[in-house]
Every structure is written in C-alpha cells, then in structure tokens.
Amino acid sequence: MLLLGIETSCDDTATALVRDGRDVLASVSTNQDAFHARYGGIVPEIASRQHVALLSAAVEDALGRAGAGFDAVDGIAVTRGPGLIGSLVVGVAAAKALAFALNKPLFAVNHLHGHIFAAFLDRDDPPPYPFLALLVSGGHSQLVAVESATAMRVLGRTHDDAAGEAYDKTARLLGIPYPGGPQLDRLAQRGNPRAYAFPRHRPGADSLDLSFSGLKTSVRYFLESEAGRDAPPEDVAASFQAAVVDVLMARLQAAFERGGYEAVVLSGGVAANSALQNALRRWAECNGVTAFVPAPKYCTDNAAMIAAAAFYQRDAARADPLTLSADPNLAFS
Ligand code: KG4
Ligand code: ZN
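Residues numbered from 1 in each chain as written. Chains lettered and ligands numbered in written order. Predicted model: local features only at pLDDT ≥ 70, side-chain atom pairs only at ≥ 80, totals over all residues. Heavy atoms only, no water.

## Some thoughts on the coordination of the zinc ion (ligand 2)
Protein coordination at the zinc ion (ligand 2) comes from H111 (NE2), H115 (NE2) and D301 (OD), with a distance range of 2.0 to 2.1 Å. Of note is the zinc ion (ligand 2), whose four donor atoms meet at the metal with angles of 95 to 139 degrees in an arrangement that counts as irregular. In terms of primary sequence, the donors binding the zinc ion (ligand 2) are separated according to H-x3-H-x185-D. Here H111 pairs with H115, and both are found in helix α4 (residues 111–117), just four residues apart, close to one helical turn. For the residue pair H111 and H115, the accessibility class agrees, reading buried in each case. (Donors = N, O, S within 2.8 Å, 3.2 Å for Na, K, Ca; no water. Tetrahedral: all angles 85-135°; square planar, octahedral: opposite > 155°, others 65-115°. Helix = DSSP H or I, 4+ residues; strand = E, 2+ residues; numbered from the N terminus. Buried < 20%, exposed > 50% of the residue type's maximum accessible area, 1.4 Å probe, protein only.)

Take a look at the structure:
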C-alpha cells in the first residue's frame, strides 16, 4: 500500500511517499526557518502563506524522487491537527482535493500519533506492543502507553513549556537564533554538565507530569546574576541540558516501573538531542529494554511519519474526503 503523506501543521511543508508504513520512497521537507528567524519564532501567517506557495511543488518533488505517478498512490494521508490552524488548513485542503480528483481514500492523522510512528520508518523490526513512548517536540512533551496502533493513553504531560520550547527559549537567552535546540545541543557538547545545578522538576508521587518553565526561568535569573554574566555559555548549555535529560529520564523510569512494556520509543524534535539519546541508550541497556529512536530526519516534523501512522491506523484514520476539517486542538485520543 503506497501512501502519499502531507504534513503542514507548523512551519515545515513536508510530503512523502511510504510503502506499507515502513519503506520511505521519498521524504521531502522544505524548511521555512529563514522566513521566521528574524522574528525569533514562527509567525503563523507567514507559515501558512509559505505552505500555499510550496505544497504543490513538494508533492511533485516527492513523486519525482520516488519515480511514481499519482496512479501508483493508494491513498492520501494528512495531518489534521493539532497545530497552527492556518497551516493545517492548507495541507487538509490539498489532501481533500487530491483524494477527490484521484478518487483515492483520505486518511486523517493526529500529528502526535505521527511522531510515534516515526519509529517504524526504514526498519525491519518495528517496536513490539505494548510500548512506552516519550514524545518530546517543540509543542508537546508527553509519556504515552501504546497498547496498539489505535489504543494509546497519555500517562503524563507538561502543563507549561514543552521540552523543545524550553530549549528554544533558553537558546535565545544565550543569544542563539531560533530554532535554538539543535545549536544549544552542539554548544552543550563542549560544556560541563555539572557546572551549575539547575532545578529538576519533581511532580507528586502519583503523577507522571513534566514541567520545564521553572528550569528556563532559573537559567534566566542565573544569566542576569553577577555569576551568570561571566559564565561560559557552553557550561550553561550543558547544565541546562543535563537538567532536561534528568527530568525526562526520571519520568520515563517512573512510567516504566508501572507496567510491562516491551520497548521504549523516543520521538519528536527533541529526540534528535545527542545527550538524551545517549541517556536513553544507557538506561535501556541497564533495564534490558529495546529503545527505538527514529533517524534524526524523522525525529523532527516530516510527512513520512504521517503516512506511516495512516497505514497502521487505516480504518480508524479513514475520513470522509468532503467533510474533513482541520482541528488545531485535536485531542490525542
Ligand atoms: O517535532 P518538531 O519538529 O516540531 C513540533 O512538532 O514541535 O520539534 C521541533 C523542536 C524545536 O523546539 C527544536 O528546537 C527541537 O525540536 N530540537 C532539538 C534538537 N533538534 C530539534 N532540541 C534539542 N536538541 C536537538 N538536537
Ligand atoms: Zn511535531
């Protein structure tokens, strides 16, 4: 089953062709960072206009790279939400038009489910159910129990900043342009993670929730202090990163202890983080668990993960092409 994936929930105009939820024949993503960087964050109106300008070419590009025509496509998978409404409607409208014109089924996908199925791409041994997913992106951070492709339960989440948001805001404090996560990661690799003791959020005994806003504020107060003004940025970056990784790994451990998981999946943009990946691999080895982390290009937003989710969720993801609408606040389940 060959699916054309379309993902326009935020600022990446992405398309992909994926066979049987696993073999990526083409994955195209046009990065809009240059258009948003000077504003220090994503400007929704610019993002939706760029999607309009780029999407048709991105669809043709994916088909061209895969050496396939529309006739080879068995269905269209599109991100329905959550995300920026102006961005989502561009992808949903294009997907509906293609499904209608080509007379192919339309599969509506939750963006966050897509991030989980990124772990199935380009591999012969997909994660076995039930698995635990730690989803850490720019907009969301949550722990999910995945019983099957369509039975997923959120165990804990952040009620303030997402992990990626904390990275981007802290990077900004260090003078790194948006989106600062990847650059902060590189800077931290040269620093001392024990140089400064930034706070680690601990929820109540029964909670698996996360929080990063206190950490970000603490870094800000430190940088404004006497000691902070002369602090080497690489040490601040490494100490911040150590706190994020500690919080995420502590919550993963707590969730894991609650119940019989076969594997752990790390996904979302922050899953590309080198320190987090190292910590997860060490933890998985100690606990005798298999850890699945998508390739870096599938950690951040992409359309291959949307096509994968549609393939595995098939019937549940199938929607009426003519009535489907984008939903910026689409619930996780
Ligand atoms: O999943 P994603 O592409 O978009 C959302 O759905 O939010 O995640 C983007 C986020 C950004 O906040 C970015 O700074 C962060 O992922 N990110 C990283 C790294 N690469 C991307 N954060 C830390 N270390 C990285 N290497
Ligand atoms: Zn995302």
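## Details of the pairing of strand β1 (residues 2–7)
Burial analysis of β1 places six of its six residues in the buried class, the great majority of the element. Side chains L2, L4 and I6 project from β1 onto one buried face, and the interleaved L3, G5 and E7 project onto a second face that is buried too. The antiparallel pairing of β1 with strand β2 (residues 12–19) creates a hairpin that spans four residues between the two strands. (Pairing = 2+ DSSP bridges.)

## Topic: the sheet that holds strand β7 (residues 141–146)
Sheet strands line up and pair through hydrogen bonds in the backbone, either parallel or antiparallel. Strands sit in the order β8-β7-β6-β9-β10 across an open sheet of five strands; the sheet is mixed. The open sheet is flanked by β8 (152–157) and β10 (290–292), the only strands paired with a single partner. Neighbour-to-neighbour, the strand axes of this sheet turn through a mean angle of 20 degrees, independent of strand direction. Bridge analysis of strand β6 (residues 131–136) against strand β9 (residues 263–267) gives five bridges, and the strand direction is parallel. From the neighbouring strand, A133 faces β9, where its bridge partner is V265. (Axes fitted to C-alpha atoms, helices over the stretch in contact; angles between N-to-C directions.)

## Details of the side chain of D168
In this fold, D168 is placed in helix α5 (residues 163–173). Of the buried charged residues, D168 lacks a salt bridge, with K169 as the closest side chain of opposite charge at 9.2 Å. (Lys, Arg positive; Asp, Glu negative; His and termini not counted. Salt bridge = Lys/Arg side-chain N within 4 Å of Asp/Glu carboxyl O.)

## Let's talk about a negative patch on the surface
Together, D20, D23, D74, D122 and D124 make up a region of like negative charge exposed at the surface. Residue placement: D74 occurs in the loop between α2 (44–66) and β4 (75–81). With relative accessibility at 37%, the residue D74 sits in the partly exposed group. (Patch = residues over 30% accessible without salt bridge, like charges linked within 9 Å, V, L, I, M, F, W, Y side chains within 5 Å. Areas by Shrake-Rupley, 256 points an atom, 1.4 Å probe, with all protein chains shown as cover. Charge placed at Lys NZ, Arg CZ, Asp CG, Glu CD.)

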